[in-house]
Amino acid sequence: MIKRCEDIRDRIGAWMDGELSRSGAEEVRVHLESCPACCEERRQLEKLQASLKAVLVAGPSNVSFERFWSGVEQRINRQRVWHEDFFGWVRDLSTPPQLAWLVPAVIILVLMGMFSLESFFPGSRLAVRRNNFAAVESIDGFGRNVAVLRENETKTTIIWLYQNQEGENESTGEKSDASPSF
Amino acid sequence: MSLPGKRVTRALLSSSILFFFAAFAGAAETTSQIVQVKIGAILASNQGDEFDSRLAHLKKQLEPLKYRSYRLLKEESQKVQRKGNATFDIPGGRSLVVTPQESGTKQLALRVHLQQGGKPLIDTTVRLNSGGNFLLGGPPHEGGALVISISATAQ
């Protein structure tokens, strides 16, 4: 009998809401007529439902929205100073989803800036220097030996003409004291 | 982030990227008709240890030549049209003719012809960045060697 009461009590709520099948509803109704304990359970449930309904219906009328709407109006009408907007914007940028694309974008911009700096401010110390190497496309020493040196440290191209024709400079009396030892 | 904030960020980023891209690509596309050619004739020798203070900007570039003394003999600058000749008198009865072949605002091709008493010493074509320089050396002079720094800037 106790097990049957437990089974019926589990279904009283559904019965009151009309959610049971016809046979199930009839079974609960017949049991409630003959069982004072389950009938008491039904009354408790009915009282609880009535109380909840009263709260839900009466609740919204007791809430005052005046302060809420006046607050919204104040925020709309308030003139924000520029630095509030700016700091708000910066704060938004520092959120993780924004940082995910902002950090690489800033790195790319800084690198592009460094490479472009030479165009805007020639000779700037911060600028990344372009390759100063001169490319020798053609060279003719007219029978003399010619050396082309590319000096890596200063990225300088040096073209050196060796005076290897005997007596070439006798007419001017010029003689080099030494050839460079690159 | 609020919608206006996103728009501001995107606008700033895209305009910055376009700005820098223009600095890279825009300049390369245009061609320059006038080129400023600057030469410095330097006497490099092992007599004495003098280093001419006017050559301070070339000190690092001259170091590999391993001479002990460097003295600026002559410095001259000329503006020349593309395909035009800039002729410089070089100490020792020599003359240097520089002819810009192609000139963009970033890169230049120069034909350089050095001669002495009507006899050609060297004829070379060199491509270099605008504002860059190279050294041409070797001809003997006053017991040392003549080194010529040649730079060109598109204008």
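Residues numbered from 1 in each chain as written. Chains lettered and ligands numbered in written order. Predicted model: local features only at pLDDT ≥ 70, side-chain atom pairs only at ≥ 80, totals over all residues. Heavy atoms only, no water.

(A) Molecular detail of the overall build of chain B. Within chain B one finds 2 helices and 8 strands. Every one of the 155 residues in chain B was classed for burial, and the buried ones make up 49%. Relative to all contacts within chain B whose residues are 6 or more apart in sequence, the contacts with residues 24 or more apart total 48%. Of the roughly 7100 Å² that chain B leaves accessible, carbon and sulfur atoms contribute 53%. (Helix = DSSP H or I, 4+ residues; strand = E, 2+ residues; numbered from the N terminus. Buried < 20%, exposed > 50% of the residue type's maximum accessible area, 1.4 Å probe, protein only. Contact = heavy atoms within 4.5 Å. Areas by Shrake-Rupley, 256 points an atom, 1.4 Å probe, with all protein chains shown as cover.)

(B) A look at the overall build of chain A. Broken down by element type, chain A carries 6 helices and 3 strands. Traced from its N-terminal end to its C-terminal end, chain A shows the element sequence α-α-α-α-α-α-β-β-β. Taking all 182 residues of chain A together, 24% fall into the buried category. Excluding contacts between residues fewer than 6 apart, the proportion of contacts in chain A whose partners are at least 24 apart in sequence is 23%.

(C) Seen up close, the sheet that holds strand β8 (residues 144-154) of chain B. The 6 strands lie next to each other as β2(A)-β3(A)-β7(B)-β8(B)-β1(B)-β2(B), forming an open sheet whose pairing is mixed. Looking at which strands have only one partner, the edges of the open sheet turn out to be β2 (146-151) of chain A together with β2 (69-81) of chain B. The mean angle between the axes of side-by-side strands here comes to 20°, regardless of whether they run parallel or antiparallel. Relative to β8(B), strand β1 (residues 34-45) of chain B is paired through 10 bridges, and the arrangement is antiparallel. In the sheet register, B:Ile42 faces β8(B), and the bridge partner there is B:Val147. (Pairing = 2+ DSSP bridges. Axes fitted to C-alpha atoms, helices over the stretch in contact; angles between N-to-C directions.)

(D) Focus on the confidence of the model for chain A. Residue and element names in this part refer to chain A. Across chain A, pLDDT averages 79, with 77% of residues at or above 70. Per-residue pLDDT, averaged within each element of chain A, yields its smallest value for helix α6 (residues 96-120) (79) and its largest for helix α2 (residues 22-34) (91). A low-confidence stretch, residues 166-173 (pLDDT under 50), is modelled with 7 contacts involving residues beyond four sequence positions or located in other chains. (pLDDT = per-residue confidence, 0-100.)

(E) Examining the pairing of β1(B) more closely. Residues and elements named next belong to chain B. With 9 of 12 residues buried, β1 is to be regarded as a mostly interior element. Pairing analysis gives 12 bridges linking β1 to β2, with the strands arranged antiparallel. Of the residues in β2, the one forming a bridge with Leu-43 is Arg-71.

(F) Highlighting the nonpolar core. Within the largest apolar cluster, 27 residues are counted, with the highest numbers of intra-cluster contacts made by B:Leu96, B:Phe134, B:Leu136 and B:Ile150. Looking at this core, the elements with two or more residues in it are β3 (156-161) of chain A together with β1, β3 (86-90), β4 (94-103), β5 (107-116), β6 (119-129), β7 (133-141) and β8 of chain B. No other element matches the 5 residues that β8(B) contributes to this core. Judged by nonpolar contacts, the second largest core, of 14 residues, contains B:Leu55, B:Tyr67, B:Tyr70 and B:Leu72. (Core = buried A, V, L, I, M, F, W, Y, C linked by side-chain atoms within 4.5 Å.)

(G) The side chain of B:Thr124, seen in detail. Relative to the helices and strands, B:Thr124 is located in strand β6. For B:Thr124, the side chain forms a polar contact with the main-chain oxygen of A:Ser138, separated by 2.7 Å. For B:Thr124, the residues in contact, after removing those within four places along its chain, are A:Val136, A:Ser138, A:Ile139, A:Ile159, B:Leu110, B:Arg111 and B:Val112. (Polar contact = N/O pair within 3.5 Å; in protein donor to acceptor, adjacent residues only side chain to side chain.)

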